[in-house]
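# Chain and residue survey
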Amino acid sequence: MQAPTDSGNPLVTAFPAELASDAEAVLAVMPAARLQPLASFSVVVAGRQVSIPGRLYNDEPPAEAVASLSPRRRQLLHCLYSRHCDGVVRQRHLEKIVGSTDPWVVPFVVQLAGEYVVEILVVIREALRDLSTPGTRGHLAYGQFVVDNPAFFARTQRRVVSYWSCYHRGAYASFQGYPGCTLLDLLRAAASDRAGRPWPNLAPAGGRVHGYC
């Protein structure tokens, strides 16, 4: 595993080293941050360690600045703004990338699966339904990411259950009916095929939520 890119801007390290120049070009059109990025998390992407911000506090760039970027650079911009402090902004940019199977996009989507905005969970669930079909690009990309990041995915599973238990039981009395449950099932199925063994299920059986929230 290779270390993160050595860059003066921590947002560059959210992507593999070969995308550093593209990331720098994206940062050049982004307004200055009101606050420093919050609580980055590290994952492995295609054998390289990256460090992704937990929250981003930059305003969105003007539409003409975004349009001036190449498709790849726009993709990186949407990845970064999927970490924005405003949930509406996160969802808007997620919708631009959730259909991609590029490996550096995957951790941004999986991180959002472990957060509390149920509308975002629905967007991801609907976009990733082909994860249940072995051999599809999404099945391979997401399965490999989970296999390469078992601790990160274990934490994601626990967070999905905790947010359901704390905030969404009124709308979803059973965890099995919660969009995050279906999404975890899809991710575990993809990981199980890549690993050649059943992937651990950390979700509660029935209504049990011991140890959560």
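### Focus on the overall build of the protein chain
If you tally the helices and strands in the protein chain, you get 9 helices and 2 strands. N-terminal to C-terminal, the α/β element order of the protein chain is α-β-β-α-α-α-α-α-α-α-α. For 213 residues, the compact-globule estimate of 2.2 N^0.38 gives 17 Å, and the C-alpha radius of gyration of the protein chain, at 17 Å, lies within 12% of that figure. If you line up the protein chain on its principal axes, its C-alpha atoms span 50 × 35 × 25 Å. Within the protein chain, the fraction of its 213 residues that count as buried is 50%. Taking the contacts inside the protein chain whose residues are at least 6 apart along the sequence as the reference set, 67% of them involve residues at least 24 apart.

### As for the pairing of strand 2 (residues 48-52)
Examined bridge by bridge, strand 1 (residues 41-45) and strand 2 share 5 bridges and lie antiparallel to one another. Bridging from a neighbouring strand, valine 44 pairs with glutamine 49 of strand 2. Counted along the chain from strand 1 to the antiparallel partner strand 2, the turn is 2 residues long, and its residue alanine 46 has a positive phi close to 50 degrees.

### Some thoughts on the nonpolar core
With 63 residues, the main nonpolar core has Phe15, Leu80, Ile124 and Phe175 as its most contacted residues. No other element matches helix 9 (residues 179-195), which puts 7 residues into this core.

### Re the packing of aromatic side chains
Enumeration according to the criterion identifies 8 aromatic pairs in this entry. An angle of 25 degrees between the planes, with centres 5.6 Å apart, marks the rings of phenylalanine 15 and phenylalanine 108 as stacked. Here phenylalanine 15, found in the segment before helix 1 (20-29), pairs with phenylalanine 108, found in helix 5 (residues 106-113); they are 93 residues apart in sequence, far enough to count as distant. Phenylalanine 15 sits in the buried class, given a relative accessible area of 1%.

### Observations concerning the confidence of the model for the protein chain
Summing up the model confidence of the protein chain, the mean pLDDT is 91 and the portion of residues at 70 or higher is 92%. Contacts for the low-pLDDT stretch residues 1-6, under 50 throughout, to residues beyond four places or in other chains number 16 contacts.

### So, unusual backbone geometry
For alanine 46, which is not a glycine, the phi torsion comes out positive at approximately 50 degrees. Mapping alanine 46 onto the fold places it in the loop between strand 1 and strand 2.

### Focus: the side chain of serine 100
The residue serine 100 is located in the loop between helix 4 (87-97) and helix 5 in this model. A polar atom in the side chain of serine 100 sits 3.1 Å from the backbone nitrogen of aspartate 102. When residues no more than four places from it in sequence are discounted, the contact partners of serine 100 are Gln75, Val105 and Tyr142.

### Some words on the pattern of salt bridges
With the rule as written, the count across this model stands at 10 salt bridges. Residue aspartate 22 is joined to arginine 73 by a salt bridge in which the shortest nitrogen-to-oxygen separation is 2.8 Å. Here aspartate 22 is found in helix 1, whereas its partner arginine 73 is found in helix 3 (residues 71-81), with 51 residues between them in sequence. Overlapping salt bridges, with partners in common, bring together Arg55, Arg83, Arg90 and Glu115 in one network.

### As for helix 3
Every buried residue belonging to helix 3 is among Gln75, Leu76, Leu77, His78, Cys79, Leu80 and Tyr81, and all of these are buried. Where helix 3 is buried, its residues touch helix 1, helix 2 (63-67), helix 4 and helix 5.

### A look at the environment of alanine 39
Its place among the elements puts alanine 39 in the loop between helix 1 and strand 1. Judged by its relative accessible area of 57%, alanine 39 falls in the exposed class.

Rules and cut-offs
- Note on numbering: residues in each chain are counted from 1, in written sequence order.
- Per-residue local features are limited, in this predicted model, to residues with pLDDT of at least 70; the limit for side-chain atom pairs, both in listing and counting, is 80 or more; totals at the level of whole chains, interfaces and linings are taken over all residues.
- Think of the side-chain values as coming from all heavy atoms in the structure, minus any hydrogens and water.
- Note on conventions: DSSP H or I runs of at least 4 residues are helices, E runs of at least 2 residues are strands, and numbering of each starts at the N terminus.
- With C-alpha atoms as the basis for the radius of gyration, the globule rule is written as 2.2 Å multiplied by the number of residues raised to the power 0.38.
- Think of it in three bands: residues with accessible area under 20% of the maximum for their type are buried, residues over 50% are exposed, and the middle band is partly exposed, with areas taken using a 1.4 Å probe on protein chains only.
- It only takes one pair of heavy atoms within 4.5 Å for two residues to be counted as in contact.
- Two strands make a pair as long as DSSP finds a minimum of two bridges between them.
- In plain words, nonpolar cores are sets of buried Ala, Val, Leu, Ile, Met, Phe, Trp, Tyr and Cys residues tied together by side-chain atoms within 4.5 Å.
- Under the pairing criterion, centres of Phe, Tyr and Trp rings, with the six-membered ring standing for Trp, must be within 6.5 Å; the plane angle then separates stacked pairs below 30 degrees from edge-to-face pairs above 60, leaving the rest tilted.
- Note on scores: pLDDT gives the predictor's confidence for each residue, bounded by 0 and 100.
- Counted as a polar contact is a pair of N or O atoms within 3.5 Å, where, for protein atoms, one must be capable of donating a hydrogen and the other of accepting one, and residues adjacent in sequence contribute only when both atoms are in side chains.
- Any carboxyl oxygen of Asp or Glu within 4 Å of a side-chain nitrogen of Lys or Arg constitutes a salt bridge here.

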